[in-house]
Amino acid sequence: MASTQELSNFLAQVERRAFKQTAYAVRDDHAAMDIVQDAMLKLAEKYAGRPVEEYPMLFQRILQNTMKDYWRRQKVRGVWTTLLSSLGVSHDDDDEHDPLETMPSQNGHDDPEVQYEQQQTIAIIETAIKNLPARQREAFIMRYWEDMDVAETAAAMGCSEGSVKTHCSRAVHSLAAALEKYGFAKEMLDKVGGER
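Procedures and definitions
Residues numbered from 1 in each chain as written. Predicted model: local features only at pLDDT ≥ 70, side-chain atom pairs only at ≥ 80, totals over all residues. Heavy atoms only, no water. Helix = DSSP H or I, 4+ residues; strand = E, 2+ residues; numbered from the N terminus. Buried < 20%, exposed > 50% of the residue type's maximum accessible area, 1.4 Å probe, protein only. Arc of directions from axis to C-beta. Contact = heavy atoms within 4.5 Å. Polar contact = N/O pair within 3.5 Å; in protein donor to acceptor, adjacent residues only side chain to side chain. Disulfide = S-S within 2.5 Å. Salt bridge = Lys/Arg side-chain N within 4 Å of Asp/Glu carboxyl O. Core = buried A, V, L, I, M, F, W, Y, C linked by side-chain atoms within 4.5 Å.

A.B. asks: Describe unusual backbone geometry, and please don't skip the residues or the numbers.
C.D. replies: Unusually for a residue other than glycine, R27 sits at a positive phi of about 60 degrees. When you line up the elements, R27 lands in the loop between α1 (4-26) and α2 (29-47).

A.B. asks: Summarise helix α6 (residues 150-157); cite the residues concerned and give the values.
C.D. replies: Listed in full, the buried residues belonging to α6 are V150, T153, A154 and M157. Seen end-on, α6 carries its buried residues on one side only, within an arc spanning 100 degrees. Those residues of α6 that are buried lie in contact with α5 (134-145) and α7 (161-180). With a side-chain oxygen positioned 3.1 Å from the backbone nitrogen of A151, the residue opening α6 is D149. The first or second residue beyond α6 is G158, which carries a positive phi of 70 degrees.

A.B. asks: Break down the state of the cysteines for me, citing the residues and quoting the values.
C.D. replies: Scanning the entire structure with this criterion turns up zero disulfides. Of all cysteine sulfurs, the one in C168 lies closest to C159, which takes part in no disulfide; the gap is 9.2 Å.

A.B. asks: Outline the pattern of salt bridges, supporting the account with residue identities and numerical values.
C.D. replies: Applying the stated rule across the entire model yields three salt bridges. The residue E54 makes a salt bridge to R50 at a minimum N-O spacing of 2.9 Å. For R50, a relative accessible area of 36% translates into the label partly exposed.

A.B. asks: Mind laying out the nonpolar core, listing which residues take part and the relevant values?
C.D. replies: General note: in soluble globular proteins, nonpolar side chains tend to be found buried as a group. Membership of the largest hydrophobic core comes to 22 residues, with the highest contact counts inside it found for F10, L43, F59 and L63. Residue assignment for this core shows that the elements contributing at least two residues are α1, α2 and α3 (55-85). Excluding residues that lie within four positions of it along the chain, F10 makes contacts with L43, Y55, P56 and F59. The next biggest cluster of nonpolar side chains, apart from the first, holds 18 residues, and it includes Y144, M148, V150 and C168.

Keep in mind that these numbers describe shape and distance, not what the molecule does.
In structure tokens form, the structure reads like this:
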């Protein structure tokens, strides 16, 4: 069993190399630092009692999985952003932006017909989300709107990470099926479900 000092020494040794590796992979220094810190926390929380010799392999595996989670989130966010941006919704510098609350007048469309279509589309999406089962809706909103990771969502919902992934996958597939009835591209929405 490793001591706290041995764990600290190991993390100090690998931090710089892990950051460089991650920054190269994700091409974003801030995201890279978050990923490395998240991986270090996971190692400390879950594997602190393991022998020091196991740390390098454990940490590398955790770091790789954390990077994969980052890429999945980015890909999923890209699909939903594309879907919502096709409605003409944008939020350049607003961190508190909720795409379903954006007023059509902010989109620069003066055509009442375009504004009406956008309002109808937003209402369809809102209804589809509201019609999800409670646990699916909760997981979907936490993961995709609040940008919580799987572990945070699991802790908030009081369930396992596997359950969160299942709820999110089912929610996305249900939304894809519901929105397809209104002419949304099912292929684009299905990409999201395949990622979680």
